[in-house]
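Topology and contacts: notes
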Amino acid sequence: MIDKSSNQQHSLLEDALALLTATPLVALGITFYSQAELLTGSTAGLAFLIKYLTEWGFGPVFFMLNLPFYLLAYLQMGWKFTLRTFCAVGLVSLLTEITPIWIQFEYLNPIYAAALGGMCLGLGMLLLFRHRASLGGINILALYLQDRFNIRAGKFQMGVDLVIVMLAIMVLPLDKVLLSITGAAVLNMILTLNHKQGRYQGIS
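Now for a look at the structure at hand. No experiment lies behind these values; they were computed from the predicted model shown.

A closer look at the overall build of the protein
Along the protein, the regular secondary structure elements total nine helices and two strands. When the elements of the protein are put in sequence order from the N terminus, they spell out β-α-α-α-α-α-α-α-α-α-β. Along the three orthogonal principal directions, the C-alpha set of the protein runs to about 50 × 30 × 30 Å. Looking at the protein as a whole, 46% of its 204 residues are labelled buried. Summarising the internal contacts of the protein: among those between residues at least 6 apart in sequence, 75% fall at separations of at least 24. Here the protein has roughly 10300 Å² of accessible surface; of this, 68% comes from carbon and sulfur atoms. Between the mean site of the 12 positive side-chain charges and the mean site of the 10 negative ones, the protein shows a separation of 13 Å.

Some points on unusual backbone geometry
The residue S42 is not glycine, and still its phi comes out positive at about 60°. When you line up the elements, S42 lands in helix α2 (residues 42–54). The residue E55 is not glycine, and still its phi comes out positive at about 65°. Within the secondary structure layout, E55 lies in the loop between α2 and α3 (58–66).

Re the packing of aromatic side chains
Tallied over the full model, the rule gives eight aromatic pairs. Here the aromatic rings of F63 and F86 are separated by 5.8 Å at their centres, their planes lie at 65°, and the arrangement is edge-to-face. Residue F63 is found in helix α3, and its partner F86 is found in helix α5 (residues 79–102); the two are separated by 23 residues along the sequence. Pairwise contacts between aromatic rings join Y33, F48, Y52, F58 and F62 into one cluster.

Notes on the pattern of salt bridges
Counted according to the given criterion, the structure contains one salt bridge. With a closest N to O distance of 3.7 Å, R84 and D15 form a salt bridge. Taken together, the residues span a long stretch of sequence, with R84 in helix α5 and D15 in helix α1 (residues 12–35) at a distance of 69 residues. Like D15, R84 is buried.

A closer look at a nonpolar patch on the surface
Taken together, L71, Y74, L75, W79 and L83 make up a surface patch of nonpolar side chains, about 600 Å² in accessible area. Taken together, the elements giving at least two residues each to the nonpolar patch come down to α4 (70–77) and α5. Considering every element that reaches the nonpolar patch, the biggest residue donor is α4, with three residues. One can find W79 in helix α5.

Examining the side chain of T40
Tracing the chain through its elements places T40 in the loop between α1 and α2. For T40, a relative accessible area of 4% gives the class buried. T40 has contacts with Y33, G45, F48, L121, I164, V165 and L187, leaving out every residue within four places of it along the chain.

Definitions and limits used
Counting restarts for each chain, with residues numbered from 1 along the sequence as it is written. Residues qualify for local features only when their pLDDT is at least 70, as the model is predicted, and side-chain atom pairs are given and counted only at 80 or more; totals for whole chains, interfaces and linings, by contrast, use all residues. Water and hydrogen atoms play no part in the side-chain values, which are based on all heavy atoms of the structure. Starting at the N terminus, helices and strands are each numbered in turn, a helix being any DSSP run of H or I of at least four residues and a strand any DSSP run of E of at least two. For each residue, the accessible area found with a 1.4 Å probe, counting protein chains only, is set against the maximum for its type, and the residue is called buried under 20%, exposed over 50%, and partly exposed in between. By definition in these notes, contact holds between two residues if any of their heavy atoms fall within 4.5 Å. Here the accessible surface of atoms and residues is derived via Shrake-Rupley with a 1.4 Å probe, and residues count as covered only by protein chains that are part of the display. Charged residues are defined narrowly, with Lys and Arg counted positive, Asp and Glu counted negative, and His plus the chain ends left uncounted. Throughout, a charge is located at the NZ atom of Lys, the CZ atom of Arg, the CG atom of Asp or the CD atom of Glu. Two aromatic rings, drawn from Phe, Tyr or Trp (for Trp, its six-membered ring), form a pair once their centres lie within 6.5 Å of each other, and the interplanar angle then sorts them: stacked below 30 degrees, edge-to-face above 60, tilted otherwise. Should a side-chain nitrogen of Lys or Arg be within 4 Å of a carboxyl oxygen of Asp or Glu, the pair is scored as a salt bridge. The patches described consist of residues with a relative accessible area above 30% and no salt bridge, like charges being joined within 9 Å and nonpolar side chains (Val, Leu, Ile, Met, Phe, Trp, Tyr) within 5 Å.

Next up, the structure:
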């Protein structure tokens, strides 16, 4: 049984540093995927699909796709969670447009991009989750289901991600889709193994 009185409250500075650490990691993972013409799942996966179909920038599309989910975030998770998530989504949207200017690859092995991109995304999302934030969209629903019904966020996310990645068959070559599924598995393995209810007692 968990003693809730032992929970450690995150300070505002700690939450801010977490956002500033997590969002560049996520942006780097997205850059790996974008350069290798891969995609991930969740709301970011939908943004990738739209990007590949229309050649619109990932950042603006990702930001717009998240707008409808903030009401659910506010109603179910509170205004602090919603504000942190809005900031995280905004930073990721900005950094994904800037990072390719700072980092360019003469050669990028797609297998390496899938694995390392998935790790960067998974670690970034884990850090956001532990500071009561998310990347919006499906992440909000995943966190709500875990808090309300004890459904593992990682397992739920994996199911949704696989559906979205499979839709990519209509957009990307099969080998790119298979590598994208590998990246999604790496991402969700990190969340499933590390984001378990009651294991981490810090609160925001």
